[in-house]
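A structural walkthrough
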Amino acid sequence: MYSLDRKLKDIALAKSTPSLLLHCCCAPCASYVLEYISPFFEITILFFNPNIYPSEEYYKREAEFKKLLSATVYPNSIDMLDCVYNSEGFETVAMPYWKEPEGGRRCGECYLLRLEETAKQAKEGGYDYFATTLTVSPYKDSALLNEIGVKLEGKYGVRYLVSDFKKRDGYKRSIELSKQYGLYRQVYCGCEPSIVIR
């Protein structure tokens, strides 16, 4: 059994509904993740993606996310925290690795930036868990994301939900749900270098 399935089974047996701050990269990825885990958590979405370029793309993806939430009924409540778009933090950590290929150190710094903000806000908000939808993508390094998440769990004292959402055909299901809801599926990760390099 997939380890996350075991974790969710334990949560269900405990007959409690813990709170989860879920970092979401985009509506297509989140569509499957929310379908899968929303029966087990009270979820708050954190759309914190300063890597997205240009700003018009950021707001387009944010609007698609709100479209998904308004079109879907989930077993437990789902809220969304507003984030101010500011690409400077991403540019600062990514600039030394700007010309590296996708999947290199630039991506690792981007993962850390977004997950650390999620962990900080999870601690400040008193959430039981934090997690990210990024692991649903076959283009993202789930092992590295989970390694970062576990380290941040130790640093901030909020449990990290270890995941590999691409398992159980998660990515395939996200494509199906995107078609069902008419979601815009972007053709690049988000950052400016990923447009040039792809």
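For the structure itself, consult the block above.
Let me begin by describing the structure that accompanies this report.

Reading guide: rules and limits
Residues numbered from 1 in each chain as written. Predicted model: local features only at pLDDT ≥ 70, side-chain atom pairs only at ≥ 80, totals over all residues. Heavy atoms only, no water. Helix = DSSP H or I, 4+ residues; strand = E, 2+ residues; numbered from the N terminus. Rg over C-alpha atoms; globule rule 2.2 N^0.38 Å. Buried < 20%, exposed > 50% of the residue type's maximum accessible area, 1.4 Å probe, protein only. Areas by Shrake-Rupley, 256 points an atom, 1.4 Å probe, with all protein chains shown as cover. Lys, Arg positive; Asp, Glu negative; His and termini not counted. Charge placed at Lys NZ, Arg CZ, Asp CG, Glu CD. Polar contact = N/O pair within 3.5 Å; in protein donor to acceptor, adjacent residues only side chain to side chain. Salt bridge = Lys/Arg side-chain N within 4 Å of Asp/Glu carboxyl O. Core = buried A, V, L, I, M, F, W, Y, C linked by side-chain atoms within 4.5 Å. Contact = heavy atoms within 4.5 Å. Phe/Tyr/Trp six-rings, centres within 6.5 Å; stacked < 30°, edge-to-face > 60°. Lys NZ or Arg CZ within 6 Å of the ring centre and 35° of its normal.

Within the protein chain one finds eight helices and five strands. For the protein chain, the α and β elements follow one another from N to C terminus as α-β-α-β-α-β-α-α-β-α-β-α-α. Taking 2.2 N^0.38 as the reference for a compact globule, 198 residues should give roughly 16 Å; the C-alpha atoms of the protein chain span a radius of gyration of 16 Å, in line with that estimate. With the principal axes as the frame, the protein chain shows a C-alpha extent of 50 × 40 × 30 Å. Within the protein chain, the proportion of its 198 residues that are buried is 51%. Accessible surface for the protein chain amounts to roughly 9600 Å². Of this, 52% is attributable to carbon and sulfur atoms. Looking at charge distribution, the protein chain has the averaged site of its 26 positive side-chain charges lying 5 Å from that of its 26 negative ones.

Further remarks concern the side chain of Asp164. Assignment of secondary structure puts Asp164 in the loop between strand 5 (159-160) and helix 7 (170-181). The class of Asp164 is buried, set by a relative accessible area of 17%. A distance of 2.9 Å separates a polar atom in the side chain of Asp164 from a polar atom in the side chain of Lys166.

One pass over the structure, following the stated rule, counts ten salt bridges. A salt bridge links Lys155 to Glu116; its shortest N-O distance comes to 2.7 Å. Taken together, the residues span a long stretch of sequence, with Lys155 in helix 6 (residues 142-156) and Glu116 in helix 5 (residues 105-125) at a distance of 39 residues. Relative accessible area serves as the criterion here: at 57%, Lys155 is assigned to the exposed category.

Our focus in this paragraph is the nonpolar core. Residues Leu22, Leu34, Ile37, Phe41 and Ile43 are the most contacted members of the largest nonpolar core, which totals 53 residues. Other than its neighbours up to four places away in sequence, Phe41 contacts Leu8, Ile11, Thr17, Pro18, Leu20, Asn76, Tyr129 and Leu161.

Counted according to the given criterion, the structure contains ten aromatic pairs. Plain terms: the ring middles of Phe41 and Tyr129 are 5.5 Å apart, the flat faces sit at 80 degrees to each other, and that makes the pair edge-to-face. Pair noted here: Phe41 is in the loop between helix 2 (27-37) and strand 2 (42-46) and Tyr129 is in strand 4 (residues 129-132), with a separation of 88 residues, a long-range link. Classification of Phe41 by relative accessible area gives buried; the value is 0%. In textbook terms, an aromatic cluster arises when at least three aromatic residues are bridged by ring pairs, as seen for Phe47, Tyr58, Tyr59, Phe65 and Tyr85. The aromatic ring of Tyr184 is capped on one face by Lys60, whose charged end is 4.0 Å from the ring centroid.

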